[in-house]
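Listed below are the residues making up each chain.
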Amino acid sequence: MANTNRAWNLESFLDSLIVELDKAEETLSVKAINKPLTYAVKDVNLEMQLFPSFDGTNVKFVTAEPGQQGASKIAIQLGSITDQQIRKTSKEPTKSNDISIDLIEEIDDETKSTLRKIGVTSVNDLDQIQKSNVDLEQISNKKTNYGKLANLLQKAGRNNLPPTVKNVNFNISKSGSFVVVEGDNLVVDKRYTPVAVFNGKLAELENADQGLLNIKVQKEHINEAENELVIVSDPFTIYKMKLNTKNNSHA
Amino acid sequence: MDDEDFIALHEFILEMANVDFYLTEHYLDEEIVLKPKKIETQTPVQLAIEIDENNEVKIGAIPPMYYVETTFMPVFHNIKLTIETE
């Protein structure tokens, strides 16, 4: 037993304890089908001799071993609860159109655990507390704020919508020369004005939406061989293209 | 359980909760039987708390095996169940 005695945290211990109790109750309820009078386990009280340890962020426990004195006594009481009680006291699970905070790589572990402590586990939760005007900076001890998080979330959201370019055309005429870029997710966030740079010169975007960019360029800036087009569509998205007029031109 | 002396906690709980057997089957032929509605039972228990390769906690339990006092006594935790009729 001694060599398997490793420290565990309360959350994973409780998970297992609940699973064990559920298993026991399932078996009992199967038994109840065949027998008129059966007994159900209403609650389990487990009183344990433990040594807690604290590493600065997490509390872990290890069970006392034979001969060890001075262990702390910790009692955990689990009661059977009905599904109605669960609905009243627990949060709804994260829905499919919501994003779980745990899954967002851009958010560091410290911020995640800070948010978890205040009950924020999904992007919708965050929206909710922002709508209620909760001072996130204060309740998280200045560890995080909406601005910082909003940026991370936008960045995470943008990663799910990478820009793709399908087709680029040069439209050169007397009234003006245009580079037309067709694709997907070219510009997704209306709050930012996209910027185009053609061969090192700032170019005007006549039209910019998800599927189409219409970029006005000066005819004399178009090179015979190779042209470079850089689009910055929002602070997290920048894409660069090498264009060859010989293959693409529609003069 | 890795440690063969221990059984999974749910089996242990089931054993403790298995009062039907004593309360009904023994008295099937009797005409009048009193049936308790609620039973509270507790016992000292030895626990083996292991962490498996998936970082999940496994809880094993057994009641005290020997009733002899020794210099190195096993650590006894305590488990209490409340059992009620459905």
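How each quantity is defined
- Residues numbered from 1 in each chain as written.
- Chains lettered and ligands numbered in written order.
- Predicted model: local features only at pLDDT ≥ 70, side-chain atom pairs only at ≥ 80, totals over all residues.
- Helix = DSSP H or I, 4+ residues; strand = E, 2+ residues; numbered from the N terminus.
- Buried ≥ 20, exposed ≤ 12 C-beta atoms within 10 Å, placed from the backbone.
- Contact = placed C-beta atoms within 7 Å.
- Pairing = 2+ DSSP bridges.
- Axes fitted to C-alpha atoms, helices over the stretch in contact; angles between N-to-C directions.
- Nonpolar A, V, L, I, M, F, W, Y, C, P; charged D, E, K, R; others polar.
- pLDDT = per-residue confidence, 0-100.
- Core = buried A, V, L, I, M, F, W, Y, C linked by C-beta atoms within 7 Å.
- Arc of directions from axis to C-beta.

> What is the right way to read the overall build of chain B from this model?
Helix and strand content of chain B: 2 helices and 4 strands. Listed by position from the N terminus, the elements making up chain B come as β-α-α-β-β-β. Expressed as a percentage of its 86 residues, the buried residues of chain B come to 26%. Long-range pairs, those at least 24 residues apart, make up 67% of the contacts in chain B with a sequence separation of at least 6.

> It is not clear to me how the overall build of chain A should be interpreted in this structure. Could you clarify?
Counting its regular elements, chain A contains 7 helices and 11 strands. Pairs at least 24 residues apart make up 50% of the contacts formed inside chain A by residues separated by at least 6 positions.

> Help me out: how do you make sense of the sheet that holds strand 9 (residues 212-217) of chain A in this one?
By definition, the strands of a sheet pair up through backbone hydrogen bonds, in either a parallel or an antiparallel sense. All names here are of chain A. Pairing in this open sheet of 7 strands is antiparallel, and the strands run 5-6-9-8-7-10-11 from one edge to the other. Whereas interior strands pair on both sides, the edge strands pair on one side only; in this sheet they are strand 5 (164-173) and strand 11 (237-244). Ignoring which end each strand starts from, the neighbouring axes of this sheet average 25° apart. Both strand 10 (residues 226-234) and strand 11 contribute to a ladder of 8 bridges, which runs antiparallel.

> Sorry if this is basic, but what is going on with the interface of chain A and chain B here?
On the chain B side, the residues contacting the 34 residues of chain A number 36 residues. Here the side of chain A that touches chain B is composed, by residue class, of 17 nonpolar, 9 polar and 8 charged. In this sheet, strand 4 (residues 77-85) of chain B lies alongside strand 2 (residues 39-54) of chain A in antiparallel orientation, the contact comprising 8 bridges. Residue pairing across strands places N45 of chain A opposite K80 of chain B, the latter belonging to strand 4 of chain B.

> Is there a simple way to think about the environment of L14 of chain A in this case?
Looking at the secondary structure, you find L14 of chain A in helix 1 (residues 10-34). Put simply, L14 of chain A and L78 of chain A are 64 residues apart on the chain and 9.3 Å apart in space, counted from C-alpha to C-alpha.

> What exactly am I supposed to notice about the confidence of the model for chain A here?
In regions of low pLDDT, the predicted coordinates are not meant to be interpreted in detail. Per-residue confidence for chain A gives a mean pLDDT of 79; residues scoring 70 or more make up 87%. Across chain A, the element-wise mean pLDDT spans from 59 in helix 7 (residues 245-248) of chain A up to 90 in strand 3 (residues 59-63) of chain A.

> Is there a simple way to explain the pairing of strand 10 of chain A in this structure?
Two faces, one strand: in a regular strand the side chains alternate between the faces of the sheet. Residue and element names in this part refer to chain A. Note: strand 7 (residues 195-198) against strand 10, 4 bridges, orientation antiparallel. Opposite V197, over in strand 10, you have V230 as the bridge partner. The turn linking strand 10 back onto strand 11 is made up of 2 residues.

> Would you take a moment to explain the nonpolar core for this structure?
Soluble globular proteins: nonpolar side chains tend toward being buried together. Within the largest apolar cluster, 28 residues are counted, with the highest numbers of intra-cluster contacts made by V41 and V44 of chain A together with I13, A17, L47, A61 and L81 of chain B. Listed by contribution, the elements that provide at least two residues to this core are helix 1 and strand 2 of chain A together with helix 1 (9-17), strand 2 (38-51), strand 3 (57-62) and strand 4 of chain B. At 6 residues, strand 2 of chain A tops the list of elements feeding residues into this core.

> Looking at this structure, how should I read the confidence of the model for chain B?
Summarising the model, chain B shows a mean pLDDT of 83, and 88% of its residues fall at 70 or more. Reported for the predicted complex are a pTM of 0.56 and an ipTM of 0.81.

> Would you explain helix 1 of chain B in this entry?
Side chains of residues three or four places apart in an α-helix project in the same direction, reflecting 3.6 residues per turn. By the burial criterion, the buried members of helix 1 of chain B are L9, H10, F12, I13, M16 and A17 of chain B. Buried residues in helix 1 of chain B, looked at end-on, bunch into an arc of 155°, giving them a common side.

> I'm lost on unusual backbone geometry in this one. Help?
As a rule of thumb, non-glycine residues mostly have phi less than zero, and peptide bonds are mostly trans rather than cis. Residues and elements named next belong to chain A. At N185, a position not held by glycine, the phi torsion is positive, near 50°. Tracing the chain through its elements places N185 in the loop between strand 6 (176-184) and strand 7. Despite not being glycine, N199 has its phi angle at roughly 50°, a positive value. Along the chain, N199 turns up in the loop between strand 7 and strand 8 (201-208). The exposure class of N199 is partly exposed, given the 16 C-beta atoms found within 10 Å.

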